[in-house]
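Residue strings, one per chain:
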Amino acid sequence: MTNSKIQNLKSVVILGGGAWGKALAKLAAINGNQVHLWSRSDCQPLEKVLEDKNAQVILSAISMKGVRDVASRVQGLPLSPQTIFVTATKGLEPHTTYTPSQIWQAAFPDHPVVVLSGPNLSQEIAQELPAATVVASKNTNAAQTVQIVFSSSRFRVYTNPDPVGVELGGTLKNVIAIAAGVCDGLHLGTNAKAALVTRGLTEMVRIGQSLGAKTETFYGLSGLGDLLATCNSPLSRNYQVGYQLANGKTLQGVMANLPGTAEGVNTCRVLMEIAQQQGIAIPITEQVYQLLEGEVTPRLALDKLMLRDIKPEFDNFPTEQIW
Ligand SMILES: NC(=O)C1=CN([C@@H]2O[C@H](COP(=O)(O)OP(=O)(O)OC[C@H]3O[C@@H](n4cnc5c(N)ncnc54)[C@H](O)[C@@H]3O)[C@@H](O)[C@H]2O)C=CC1
Ligand SMILES: O=C(CO)COP(=O)(O)O
């Protein structure tokens, strides 16, 4: 290894020993970084791990429901002021509607926070199949440091200056993936799936714009890229939720047997709060919400989407400039 490569090696602590935490730990370790994976079932307490490891990078792959709790535990610990926080969670906090990076940034206002998100089904990454992702931060140096930690011949990492957009792409697509699972579970065909995913992207952009994201980001890896991966793979837990609901299972039954976390279920509820507060039209999300609440059947949800008022494809289309 060259001297400059050795200088770039980091002490990395990964919080969360689920499917994604394990896959990311493996990616950082193959580059020679010193990696410690912590999970709440470990015998070593979090406080002891962070004191011992003197982490330069702390990455959280905790599911949404645990993020605030873990961030508060880390908050009281003595860390180097240069420590970079990376968040790989794809969810929204109920009631506050905060994204994970907003929780980490509020807990550590003087530290750089980087979002890592992209089309990254962990089982494929664990099998060492090629994939690409995005690391986004307002702090360019921090994003570049994290890019080096994870980049390899099997994992291509891009930087992006729009952390909100990157984080929301990974979060919002989970709800559309539930709808895509329903679409496939009902055998509605390729045309229906294409329409659903495309209109789903429109909803993601609308919400993203209202929350301060850049529209272009949704057409990149962390938006469209992750939407395509998750809506087309039975490896996605969110897709599985929709698929099994379409096959007559109850939400409770599906969740009881799901391997790991399907964040889209909680995200859908939070999105309904945001959309109602801000008057944003999100018809697909609304039908997913009603389905999850047991208020409609998959077939009725489909009919309600197909029979909405007819309208132009785009809001505010600049017709005179085009024709
Ligand atoms: N599995 C995947 O393919 C990918 C997952 N993600 C996201 O990463 C996050 C984690 O996903 P997975 O690892 O798949 O889920 P998982 O269900 O396999 O693991 C979740 C982890 O969070 C930990 N956790 C939950 N609450 C906690 C608390 N209060 N205190 C401490 N730890 C707590 C669990 O112990 C577990 O280690 C989710 O937000 C998911 O959307 C992102 C990209 C890919
Ligand atoms: O985010 C993911 C792929 O990028 C994982 O999707 P699921 O959480 O639906 O399994």
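Every value quoted in this text rests on a predicted model; they were computed, and no experiment measured them. (Residues numbered from 1 in each chain as written. Chains lettered and ligands numbered in written order. Predicted model: local features only at pLDDT ≥ 70, side-chain atom pairs only at ≥ 80, totals over all residues. Heavy atoms only, no water.)

A closer look at the UniProt feature "domain: Glycerol-3-phosphate dehydrogenase NAD-dependent C-terminal" (unreviewed entry) in the protein chain
Spelled out, the test is: UniProt positions are given in the numbering used here, feature names are shortened, and annotations may be inferred rather than shown by experiment. Under the DSSP-based scheme used, a helix requires at least four consecutive residues in state H or I and a strand at least two consecutive residues in state E, with every element numbered from the N terminus.
In the numbering used here, UniProt assigns the "domain: Glycerol-3-phosphate dehydrogenase NAD-dependent C-terminal" (unreviewed entry) feature to residues 162-302. Between the C-alpha atoms that bound residues 162-302 the distance is 34 Å, and the span itself is 72% helix and 0% strand.

Some words on the site of ligand 1
Applied cut-off: Only a single heavy atom is needed: when it lies within 4 Å of a molecule or strand, its residue is near that molecule or strand. Here a polar contact is recorded for every N or O atom pair within 3.5 Å, except that within protein the pair must consist of a potential hydrogen donor and a potential acceptor, and residues adjacent in sequence are included only if both atoms are side-chain atoms. Note on areas: Shrake-Rupley, 1.4 Å probe, and residue coverage restricted to the protein chains presented here.
For ligand 1, the set of nearby residues contains 22 residues, the closest of which are Trp20, Arg40, Ser122, Thr261 and Glu263. Taking serine 122, its main chain carries an N or O atom lying 2.8 Å from an oxygen atom of ligand 1. A distance of 2.6 Å is found between an oxygen atom of ligand 1 and a side-chain nitrogen or oxygen belonging to threonine 261. Isolated, ligand 1 exposes 820 Å² of accessible area, and the fraction of that covered by the protein chains is 87%.

Remarks on the nonpolar core
Threshold: Only buried residues count toward a nonpolar core. Its members are Ala, Val, Leu, Ile, Met, Phe, Trp, Tyr and Cys residues joined through side-chain atoms within 4.5 Å. Type-normalised accessible area, obtained with a 1.4 Å probe on protein chains alone, sets the label of each residue: buried when under 20%, exposed when over 50%, and partly exposed for intermediate values. Contact definition: two residues touch when any of their heavy atoms are within 4.5 Å.
Of all hydrophobic cores here, the largest spans 45 residues; its most connected members are Phe218, Val241, Leu271, Val288 and Leu292. At the level of elements, α8 (163-185), α9 (190-210), α10 (221-231), α11 (237-246), α12 (251-257), α13 (264-278) and α14 (283-292) are the ones that each hand at least two residues to this core. With 10 residues, α8 is the single largest residue contributor to this core. When residues no more than four places from it in sequence are discounted, the contact partners of leucine 271 are Leu92, Leu172, Val175, Ile207, Ile282 and Thr285.

Here we look at the site of ligand 2
For clarity, the threshold we go by: Put plainly, a pocket is an open set of points on a 1 Å grid over the protein atoms alone with protein on both sides within 12 Å along at least five of seven lines, a cavity is a set where a 1.4 Å probe fits but cannot get out, and a lining residue has an atom within 4 Å of a point. Think of it this way: a molecule belongs to a cavity or pocket when more than half its atoms come within 2 Å of the grid points there. Polar here means any residue outside two lists: the nonpolar Ala, Val, Leu, Ile, Met, Phe, Trp, Tyr, Cys and Pro, and the charged Asp, Glu, Lys and Arg; Gly therefore counts as polar.
In the vicinity of ligand 2 there are 13 residues, among which Lys173, Asp226, Ser236, Arg237 and Asn238 approach most closely. Within the side chain of serine 236, a nitrogen or oxygen atom sits 2.7 Å from an oxygen atom of ligand 2. In this structure, arginine 237 approaches ligand 2 through a side-chain N or O atom, which is 2.4 Å from an oxygen atom. Calculation on ligand 2 without its partners gives an accessible area of 310 Å², and the protein chains cover 92% of this total. When each cavity is represented as a set of grid points, ligand 2 is found to reside in the largest pocket. Here the shell around ligand 2 is built from residues that sort into 3 nonpolar, 6 polar and 4 charged.

Quick word on helix α4 (residues 64-75)
Where we set the bar: An expected span of 1.5 Å times one less than the residue number is assigned to each helix. Arc, as used here, means the arc of the directions from the helix axis to the C-beta atoms.
If you check α4, its first and last C-alpha atoms are 17 Å apart, about what 12 residues at 1.5 Å a residue would give, namely 16 Å. What α4 keeps buried is the set Met64, Gly66, Val67, Val70, Ala71 and Val74. Buried residues in α4, looked at end-on, bunch into an arc of 135°, giving them a common side. Seen from the open side of α4, the exposed residues pointing more than 90 degrees away from its buried face are Lys65 and Asp69. Contact partners of the buried residues in α4: β1 (11-15), α3 (46-53), β4 (84-87), α5 (100-107) and α13.

Thoughts on the side chain of histidine 36
Structurally, histidine 36 is set in strand β2 (residues 34-38). Every residue in contact with histidine 36, bar those within four places of it in the chain, is listed here: Val12, Val13, Ile14, Gln44, Val49 and Lys53.

Quick word on the sheet that holds β1
We count it as follows: For two strands to count as paired, DSSP must find a minimum of two bridges between them. Lines fitted to C-alpha atoms define the axes here, with helix axes fitted over just the stretch in contact, and angles between the N-to-C directions of these axes take values from 0 to 180 degrees.
Taken in spatial order, the 7 strands of this open sheet run β2-β1-β3-β4-β5-β6-β7, and their pairing is mixed. One side of each edge strand has no neighbouring strand; the edge strands of this open sheet are β2 and β7 (155-160). The average angle at which neighbouring strand axes cross in this sheet is 20°, direction not considered. Pairing between strand β6 (residues 131-136) and β7: 6 bridges, direction parallel.

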